[in-house]
Amino acid sequence: MGRVSGKIALVTGGGSGIGKGSAELLAKEGATVVVTDIVAADAKTVADGINKAGGVAISLQHDVTDEKRWAEVMAEVKKTYGKLHILFNNAGVCLGGMTWEQSLEDWRKQNAVNLDGVFLGCKHGIPLMRDSGGGSIIITSSIAGLQGSPGLSGYCATKGGVRLYAKAVAMECARAGFNIRVNTVHPGVIETPMMERITGGSEKGYEAMRKMEPVGRLGQPSEIAEAAMWLLCDRSSFVTGLAMSVDGGSYAQ
């Protein structure tokens, strides 16, 4: 028996990086996985790979900033499986720039994905999870949600925002008796397509990122997935409102 056998899980931003690694691990551990991504082809590739490996997954195109689409996705999950036990609000963007240089358009776009998308996921996911007997919600924050980072002020604002949002929602669900836990995971510098875009794919850029980590290397999506798995499975049944750092020691500095 896997750690999440019999569970229905939804992973946003599941087409690449941390979302992909987490969707694959959830399936390996026995969950039926709904992989969503704004790029439908990426979500389908991940779901197809899970099915080929012997797991069970479907894919859905999903813009997490669109409330109507959230309602449609949840309706599809309910129609297909009848339940939802795990919600991994992972989709996010990182738009850098010094405060005096960043456009209002980028500020709002980043807020829409990283904050609005998380809110909509919880708003539309919690009722189905409650009716399914409860479960676990994880939100991907960042080490930038725990400490400031120059050139990433807008990103820090969104990731710090979801950290406190998760704590409040955790208390709401606990006191309402929904049996739903809500936690955040805070990755350090992880080797993902997002990191490739930030560094421009240059070795110099990657070297600068490696130097930020006390352990001297970048993290891997699979390492975040393993940490997330503990929060998503019943072995962490007494844990809610936690901000878990998985950052190679960055926050300890």
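Residues numbered from 1 in each chain as written. Predicted model: local features only at pLDDT ≥ 70, side-chain atom pairs only at ≥ 80, totals over all residues. Heavy atoms only, no water.

1. Observations regarding helix 2 (residues 40-52)
What counts here: Secondary structure elements are defined from DSSP: runs of H or I of at least 4 residues count as helices, runs of E of at least 2 residues count as strands, and each element is numbered from the N terminus. The span one expects for a helix is its residue count, reduced by one, times 1.5 Å. Note on classification: 1.4 Å probe, protein chains only; a residue is buried when its accessible area is under 20% of the maximum for its type, exposed when over 50%, partly exposed between these limits. Within this analysis, the arc is defined by the directions that extend from the helix axis to the C-beta atoms. Whether two residues are in contact is decided by their heavy atoms, any of which lying within 4.5 Å being enough.
Helix length check: helix 2, at 13 residues, gives a terminal C-alpha distance of 18 Å against a target of 18 Å (1.5 Å per residue), a fit within 8%. Restricting attention to buried positions, one finds in helix 2 the residues Ala43, Val46, Ala47 and Ile50. Looking straight down helix 2, one finds its buried side chains confined to an arc of 95°; they lie on one side. For helix 2, the exposed residues set more than 90 degrees away from the buried face come down to Thr45 and Lys52. The inward-facing, buried residues of helix 2 abut helix 1 (17-28), strand 2 (32-37) and strand 3 (56-61). Two residues or fewer after helix 2 comes glycine 54, characterised by a positive phi angle close to 105°.

2. Some thoughts on the sheet that holds strand 2
What counts here: In this description, strands pair whenever DSSP reports at least two bridges between them. Axis definition: a line fitted to C-alpha atoms, limited for helices to the stretch in contact. Angles are taken between N-to-C directions and run from 0 to 180 degrees.
In spatial order, the strands read 3-2-1-4-5-6-7; together these seven strands make up an open sheet with parallel pairing. The open sheet has two free edges, formed respectively by strand 3 and strand 7 (243-246), since each of these has just one partner strand. Between one strand axis and the next, the sheet turns by 20° as a mean value, whatever way the strands run. Relative to strand 2, strand 1 (residues 8-11) runs parallel, the two being bridged by four bridges. Pairing of valine 11 across the sheet is with valine 35, part of strand 2. Docked against the sheet, helix 2 engages strand 2 and strand 3, running at close to 175° with respect to strand 3.

3. So, the pattern of salt bridges
Our working definition: We define a salt bridge as a contact between a side-chain nitrogen of Lys or Arg and a carboxyl oxygen of Asp or Glu at a distance within 4 Å.
Per the stated rule, a full pass over the model turns up eight salt bridges. Close ionic contact of lysine 44 with aspartate 48 constitutes a salt bridge, the shortest N to O distance being 2.7 Å. In this pair, lysine 44 and aspartate 48 both sit in helix 2, four residues apart, roughly one turn of the helix. Among the residues examined, aspartate 48 registers a relative accessible area of 36% and is labelled partly exposed.

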